[in-house]
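Here are the chains, one letter per residue:
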Amino acid sequence: MYDMSKDEWRAFLSSGAKTGKLAVVRANGAPHVVPIWFVLDSVDDEDYVIFNTGENTLKGKALRRDPRLAMCVDDERPPFSYVTVQAEAELSDDLAAMLPWSTRIGGRYMGEDKADEFGKRNAVAGELLVRARITRVIAQAAIAD
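Residues numbered from 1 in each chain as written. Predicted model: local features only at pLDDT ≥ 70, side-chain atom pairs only at ≥ 80, totals over all residues. Heavy atoms only, no water.

Asker: Outline unusual backbone geometry, supporting the account with residue identities and numerical values.
Answerer: The linkage connecting Pro78 with the following residue, Pro79, adopts the cis geometry, with an omega of 10°. Here Pro79 is to be found in the loop between strand 6 (68-75) and strand 7 (81-92). Residues other than glycine seldom take positive phi values, yet Asp44 does so here, at roughly 50°. If you trace the backbone, Asp44 turns up in the loop between strand 4 (39-43) and strand 5 (46-54). The backbone of Ala142 sits at a positive phi, close to 50°, despite the residue not being glycine. Looking at the element boundaries, Ala142 is found in the segment after strand 8 (127-141). (Helix = DSSP H or I, 4+ residues; strand = E, 2+ residues; numbered from the N terminus.)

Right under this line is the structure:
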């Protein structure tokens, strides 16, 4: 087992179509975990998790109330690896800003041939673009070695 470098965990989060397991806190303080489709973005050496959610979903409501979140992405195949991030979310309902990200996310998970279709489906009124600045990372590789 070893700690991944920044380049390694960025590559891990960006490769393939692994879902993120997003954790937020409900209004009553209970945890809520749900899988999400996401992409990673880096600007000026800051890293961001980008995803969409409905403004009236539990995720959307929780992030409006408290922008802190955690997300875990894992490789379930031996020798097993994972990356857990903590982040602070900024929410936007700007559809023009949302469409390129929704399209990129759709391409990652559904294939480039369906990227536009999924981008347009998810960049609509009632959806939010979540841009979460990563504040902490725990990244372990080859856990079973």
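So that's the structure; there's more coming.
Asker: Report on the pairing of strand 7, specifying residues and quantitative values.
Answerer: Alignment of strand 6 against strand 7, held across eight bridges, turns out to be antiparallel. Across the sheet, Asp75 pairs through a bridge with Ser81, a residue of strand 7. Hairpin connection, strand 6 to strand 7: the antiparallel pair is bridged by five residues, and Phe80 has positive phi, about 70°. Alignment of strand 7 against strand 8, held across eleven bridges, turns out to be antiparallel. Paired with Ser92 across the two strands is Leu129, which belongs to strand 8. (Pairing = 2+ DSSP bridges.)

Asker: Describe the nonpolar core, with residues and values.
Answerer: Counting 35 residues, the largest nonpolar core has Leu13, Phe38, Val49, Phe51, Leu69 and Val83 as its most contacted members. Leaving out residues up to four positions away in the same chain, Phe38 has contacts with Leu13, Lys18, Thr19, Gly20, Val49, Ile50, Phe51, Met71, Val73, Ile105, Arg108 and Tyr109. (Core = buried A, V, L, I, M, F, W, Y, C linked by side-chain atoms within 4.5 Å. Buried < 20%, exposed > 50% of the residue type's maximum accessible area, 1.4 Å probe, protein only. Contact = heavy atoms within 4.5 Å.)

Asker: An account of the pairing of strand 8 is needed here, citing residue identities and associated values.
Answerer: If a strand is regular, its side chains alternate between the two faces of the sheet. As defined by bridge partners, strand 1 (residues 2-3) adjoins strand 8 across two bridges and the pair is classed as antiparallel. Residue pairing across strands places Tyr2 opposite Ala141, the latter belonging to strand 8. Pairing geometry for strand 5 and strand 8, over seven bridges, is antiparallel. Counted as the bridge partner of Phe51 is Val130 from strand 8.

Asker: Could you give an account of helix 3 (residues 95-110), with specific residues and numbers?
Answerer: Taken as a whole, helix 3 has its buried residues at Met98, Trp101, Ser102, Thr103, Ile105, Gly106, Gly107, Arg108 and Tyr109. The first or second residue beyond helix 3 is Gly111, which carries a positive phi of 100°.

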